[in-house]
Amino acid sequence: MTADAYQERPSRTALGRALMSGGALTPDWAPAFAAVPRSRFLPDLIWPWDMETGRSVPVSRAADPERWFGYADSDVPVVTQWDDGTHTGTDPGSVSTSSASMPSVVFRMLADLDVRPGQRVLEIGTGTGWNAALLAHRLGTEHVVSVELDSSVAAAARTVLDRFGLPVRVETGDGLRGYSEGAPYDRIIATCGLRSIPRTWIAQARPGAIIVAPWGTHYSNADAVARLVVADDGGSASGRFTGPVEFMKARAQRQPRVTHAAYVVGSVADGDASSSTVTEEQLLGGPFSAQDFVLGLCVRDCVRVIAAREGGTRAVWFYGLTDRSWACAQFRDHATTRVWQSGPRRLWDAVRSGIVWWVAQGRPAIEEFGLTVGTTGEHVWLGDPSNPVPEGPAA
C-alpha cells in the first residue's frame, strides 16, 4: 500500500476534523498529523477498544483491512502487546502492556509539551513509535530521543521509524533513569502512567524545562496529566494537572499484587462493623470523574477493588499497601451502606473523610490540583503549592 493510501483515507480526514473541532489538535500540530498517520506505526494484528462492546477486540489487517483502518483512524486506544510479550494467539491477553494511545490524548499531551524549534525532547516509552515520529516531524530527528524498556517493542519501533524516514534514536533501557547521554533536555514526555516522578528526569532537564507525564496513585487506574516546570535552580519541578487520563503503568511502578486472603483471614464479619450514609455514586462517580483521582490523593498507599454488582448489591474493598488494614463497603439499593474495617488504619474512615473534604472544597476538578516534586518528595496541592491536599493517616 502506498504512503498516500495511508494518509488520504476518508476516515483519517474525518478523524482530523474531529480532533480539530474538539480542540485536541492545535494548528501547530496539524502538519504533523497530516504527514504522520498512526496507521503506519501499527502492527498487522491489533486490539482496539470497541466503544459498543466496551472491550478490546482483535482485528487483523490481512483478514479485514477496512475494519483495521477504521480503528486505526479512530479516536480509540489500540493495544499492541499483552502480558509483556508472553501472550500468543488472537484473543486478548490478561494485561495490556503496550499500545497506541487515543489520538486526542496524544495531541493534548503534545500541546501541553509546548515544543519550540531547536529544543531537545526525551520521550519515555516509545511504544509503536508514532509519538516519537510526530515529535521528529516537528523538531527534526536529531532533537528527539526515545527510551523503551521492552527490547522487542523498541526493535519494532526502530524498524518502522527508519522505514517511515524519521530515524529517531530509540534506546532500550529503563526510562525511569532517563538518558543522561542526551541531556540536558528542554522537554520530557512520558507515555506510561507513573506513581512517582523520577528525580533523575529533573536532573537531566534544563531550568525552565517542561515535563509532561500521566501521574496517579495505586488507589485506582485514574491518572491525570501533570505538566511540571523545572525550577531555575534545577532542584524541583511544579505545575498543574491538565486533565484526566488512564495509561498503562510503568512496569517498575505497577500496582503491587494484592491477595484478598492475606488481609481477610476469616470472615468480613470479623471486622469492626458500622454503617455509612455515603452512596455508591458519591464514592465511584463516573468514567474520568474526579472522585477516583482525588480519593487516591487523600488515601495514599491503598488499593480499591470494585466487585461486580449482584442482586442490587455491590461490595467495594480497600486494602492497605503498607500494612494489612482493610475495609469493605457494601452498597445496597435504597438502603444504608454497611461497612466493615480492620487493621491499624481505618481505611473507610479515611475514604469518607476524603469525600467530605472534596465536597467541602466545592468538588474541585482535576485541573484545579497540582504537583510539586522536590528534594523532600512529592506534594499534591489544590489551587497553589501552599494548600496541600490532606492525606489520610499513615500506617
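It should be emphasised that the depicted structure is a prediction, and the values quoted were computed from it without experimental measurement. (Residues numbered from 1 in each chain as written. Predicted model: local features only at pLDDT ≥ 70, side-chain atom pairs only at ≥ 80, totals over all residues. Heavy atoms only, no water.)

As for the layout of surface pockets
Here is the rule: Only protein atoms enter the 1 Å grid used here. Points where a 1.4 Å probe fits but cannot escape make up a cavity, open sets with protein on both sides within 12 Å along at least five of seven lines make up a pocket, and a residue lines them when an atom lies within 4 Å of a point. Grid points are joined across faces, edges and corners, and a volume is the space filled by probe spheres set on the points. Elements are defined by DSSP. Helices are runs of H or I of four residues or more, strands are runs of E of two residues or more, and each kind is numbered from the N terminus. Lys, Arg, Asp and Glu make up the charged group, whereas Ala, Val, Leu, Ile, Met, Phe, Trp, Tyr, Cys and Pro make up the nonpolar group; the residues left over, Gly among them, are polar.
Its boundaries defined by the atoms lining it, the second largest pocket holds a volume of some 540 Å³. Elements represented by at least two residues in the lining of the second largest pocket include exactly β1 (45-50), β4 (78-82) and α7 (151-164). Residue composition of the lining of the second largest pocket, grouped by class: 13 nonpolar, 10 polar and 4 charged.

Notes on the pattern of salt bridges
So the rule is basically this: Every case where a carboxyl oxygen of Asp or Glu lies within 4 Å of a side-chain nitrogen of Lys or Arg is listed as a salt bridge.
Evaluated as defined, the whole model comprises 20 salt bridges. Residues arginine 177 and aspartate 174 are paired through a salt bridge, measuring 3.9 Å at the closest nitrogen-oxygen approach. What you see here is one network of salt bridges that share partners, running through Asp84, Asp150, Arg251 and Arg254.

Observations regarding the sheet that holds strand β7 (residues 144-148)
The condition that has to hold: Here, a strand pair is defined by DSSP locating no fewer than two bridges between the strands. To get an axis, fit a line to the C-alpha atoms, keeping to the stretch in contact for a helix; angles then go from 0 to 180 degrees between the N-to-C directions. Working rule for contacts: check all heavy atoms of both residues, and any pair within 4.5 Å makes them a contact.
Sheet architecture is open: 9 strands sit in the order β8-β7-β6-β9-β10-β11-β12-β18-β19, paired in mixed fashion. If you trace the sheet from one side to the other, it starts and ends with β8 (169-172) and β19 (377-382), each paired once. Across the sheet, the axes of successive neighbouring strands diverge by a mean angle of 20°, strand direction being ignored. By the bridge criterion, 7 bridges tie strand β10 (residues 205-216) to strand β11 (residues 223-230) in an arrangement that is antiparallel. Among the inter-strand pairings, isoleucine 211 is bridged to a residue of β11, identified as leucine 228. Taken strand by strand, helix α10 (residues 290-298) contacts β10, β11, β12 (237-245), β18 (369-374) and β19, and its axis lies near 110° from that of β10.

Some details on the side chain of aspartate 323
So the rule is basically this: Think of it in three bands: residues with accessible area under 20% of the maximum for their type are buried, residues over 50% are exposed, and the middle band is partly exposed, with areas taken using a 1.4 Å probe on protein chains only.
For aspartate 323, the position within the fold is in the loop between β15 (313-320) and β16 (326-332). The class of aspartate 323 is buried, set by a relative accessible area of 11%.

Re the nonpolar core
Defined as follows: Buried residues of nine kinds, namely Ala, Val, Leu, Ile, Met, Phe, Trp, Tyr and Cys, make up a nonpolar core once their side-chain atoms join them within 4.5 Å.
Counting residues in each nonpolar core, the largest one holds 59 residues, and the members touching the most others are Trp201, Phe241, Leu283, Phe318 and Trp348. Contact partners of tryptophan 201, with chain neighbours within four places excluded, come to Ile124, Gly175, Leu176, Gly178, Ile188, Ala190, Leu194, Ile211 and Ala213. Core analysis: the second largest hydrophobic core is formed by 37 residues, Val105, Phe107, Leu113 and Val212 among them.

Things to note about empty space enclosed by the protein
For the structure shown, the criterion picks out 1 cavity of 30 Å³ or more. For the largest cavity, the calculated volume is near 40 Å³.

A look at helix α11 (residues 347-360)
Short version of the rule: To estimate the expected span of a helix, subtract one from its residue number and multiply by 1.5 Å.
When the terminal C-alpha atoms of α11 are compared, their 20 Å separation across 14 residues agrees well with the 20 Å that a helix rising 1.5 Å per residue should span. Those residues of α11 that fall on the buried side of the exposure criterion are Leu347, Trp348, Ala350, Val351, Gly354, Ile355, Trp357 and Trp358. Directly beyond the C-terminal end of α11, a positive phi value near 90° is found at glycine 362.

Comments concerning the pairing of β11
Buried residues dominate β11, accounting for 6 of its 8 residues. Where β10 folds back onto β11 in an antiparallel hairpin, the turn is made up of 6 residues. Pairing of β11 with β12 involves 5 bridges; the strand directions are antiparallel. Within β12, the residue paired with alanine 226 across the bridge is phenylalanine 241.

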